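Here is what each chain is made of, one letter per residue.
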Amino acid sequence: MELFGVSVALLALFAGFGVLIGLLFGFFGMGGSFLVTPALMVMGYKTDVAVASGLAFVFATSVIATLKHRDLGQVDYKLGVLMIAGTTVGIEVGKMGLHYLQDIGLADTVVSVIYVLLLGGIGVFITYTAVKGDDGGGLSPDHDEVDGEIDADEIPDIAKKIQSYRVPPMMKLRGGIRVSLWMILLVAFATGLLSGFLGVGGGFIRMPALFYLIGVPVPVAVGTDLFEIVFSGGIGSFLYAMDGAVNLSIVVPLLAGSAGGARIGAAATSLVDEDEIKVYFGVMLLLGAIAVALRKIGTFMEIPVLQTVSLVVILGAATLVAGAVVVSSVRALQAESDSTTSVTN
């Protein structure tokens with residue numbers, strides 16, 4: 001049975017995947033196209049269609065999640081606007097690079113290799129530092145002084161070093177953080193380049209960059225990252241739509257499923273312990289890297305079963321981490337309820 005030229009089973013799959021991705025997107029400020037794009041490539045869609053549809057999905061989902069983070073006071077608009085400036089240039093450069101690689105037949109290979117290296121490298125780093133617990137913690141979920149001065153012990157050592165370089169003009173961000181405008185623009189350009197080239201919102205590198213390099217607290221890094229993705233995803237998807245690469249039969253069911261998931265995920269950031277957020281984030285990236293690597297190996301060595309295994313790993317990664325987020329949130333609510341009951345009694 002088909003609906004709008006697409007099988008109902010495939011539409012249901014996209015909608016279910018959208019719920020998981022929406023929850024992860026709202027929770028991490030990423031997780032949308034970084035999973036959607038490789039999944040579509042595994043399913044046989046052309047690289048530019050997978051990239052463009054991933055960006056279109058990211059744009060709409062980020063709007064939903066950003067509104068929830070705004071309600072929680074976790075968006076630094078000044079930082080977001082500065083990021084947009086650098087990202088816009090990066091997106092156009094990345095888009096041109098992808099089209100060039102497609103023309104010479106190397107797009108799929110290059111995109112896959114970069115995905116594996118970036119996801120794996122960042123995933124290992126974040127998981128290691130979160131488990132080791134010596135990188136500074138940002139703000140914990142019950143920290144309500146986001147607009148006040150942040151304790152120096154809560155800022156990662158790398159960020160402290162970067163903040164010590166006073167290259168004018170210096171910008172004051174939420175929490176009393178001062179950092180050079182040039183560092184912000186550099187991070188923005190790099191993530192914009194990834195957004196246009198890989199079809200990602202850039203959150204899987206921008207969110208940790210905001211925390212580890214600039215020193216922004218994790219909840220604010222997530223909210224600000226989503227605010228920026230509203231624009232980077234919108235610009236990127238518009239540019240690709242002009243080329244006719246956006247497939248609405250993919251994007252619409254994904255969005256239908258992600259609408260509720262994004263708000264749930266955003267709300268969970270105020271409940272779950274921050275170290276848990278970072279561990280989940282790192283695991284998500286590692287599983288994504290494994291999935292893309294399996295897909296490429298399967299293609300190169302002509303082993304079709306690895307294509308299926310890759311898709312299972314992607315779906316499994318989303319399900320596993322989304323489930324962990326929900327469980328952690330429920331436990332936090334139960335602990336809060338028990339605490340309130342104890343005080344009342």
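As the structure is a prediction and not an experimental result, all values here were calculated from the model.

Novice: Explain the pattern of salt bridges to me, and be specific about the residues and the numbers.
Specialist: In total, this model carries 1 salt bridge according to the counting rule given. Salt-bridge contacts for Asp71 lead to Arg70; the nearest nitrogen and oxygen are separated by 3.3 Å. With a relative accessible area of 48%, Asp71 lands in the partly exposed category. Judged by its relative accessible area of 45%, Arg70 is partly exposed.

Novice: Provide a residue-level description of helix H5 (residues 107–132), including the pertinent values.
Specialist: Residue pairs spaced three or four apart in an α-helix point in one direction, given the helix's 3.6 residues per turn. Taking 1.5 Å as the rise per residue, H5 with 26 residues should run 38 Å; its terminal C-alpha atoms sit 37 Å apart, in good agreement. Ala107, Val111, Ser112, Tyr115, Leu119, Gly120, Ile122, Gly123, Ile126, Thr127, Thr129 and Ala130 are the residues of H5 that are buried.

Novice: Now, about the side chain of Thr66: what can you tell me, with residues and values included?
Specialist: In this fold, Thr66 is placed in helix H3 (residues 47–71). A relative accessible area of 9% means that Thr66 is categorised as buried. The contacts of Thr66, once residues within four sequence positions are left out, are Val75, Leu226, Phe227 and Val230.

Novice: Requested: an account of the packing of helix H4 (residues 77–103) against H5, with residues and values cited.
Specialist: Axis angle and axis distance: for two packed helices, these are the angle between their axes and the distance between the axes, and together they describe the pair. Two elements in contact, H4 and H5, have axes whose closest approach is 7 Å; the angle formed by their N-to-C orientations is 130°. Comparing the axis directions of H4 and H5 gives the class oblique. When H4 is examined against H5, the residues Leu98, Leu101 and Gln102 are found in contact with a partner set consisting of Ala107, Val110 and Val111. For the contact of H4 with H5, the class distribution of residues is 5 nonpolar, 1 polar and no charged.

Here is what the cut-offs are and how they apply
- Residues numbered from 1 in each chain as written.
- Predicted model: local features only at pLDDT ≥ 70, side-chain atom pairs only at ≥ 80, totals over all residues.
- Heavy atoms only, no water.
- Salt bridge = Lys/Arg side-chain N within 4 Å of Asp/Glu carboxyl O.
- Buried < 20%, exposed > 50% of the residue type's maximum accessible area, 1.4 Å probe, protein only.
- Helix = DSSP H or I, 4+ residues; strand = E, 2+ residues; numbered from the N terminus.
- Expected span 1.5 Å × (residues − 1).
- Contact = heavy atoms within 4.5 Å.
- Axes fitted to C-alpha atoms, helices over the stretch in contact; angles between N-to-C directions.
- Parallel < 35°, antiparallel > 145°, perpendicular 65-115°, else oblique.
- Nonpolar A, V, L, I, M, F, W, Y, C, P; charged D, E, K, R; others polar.

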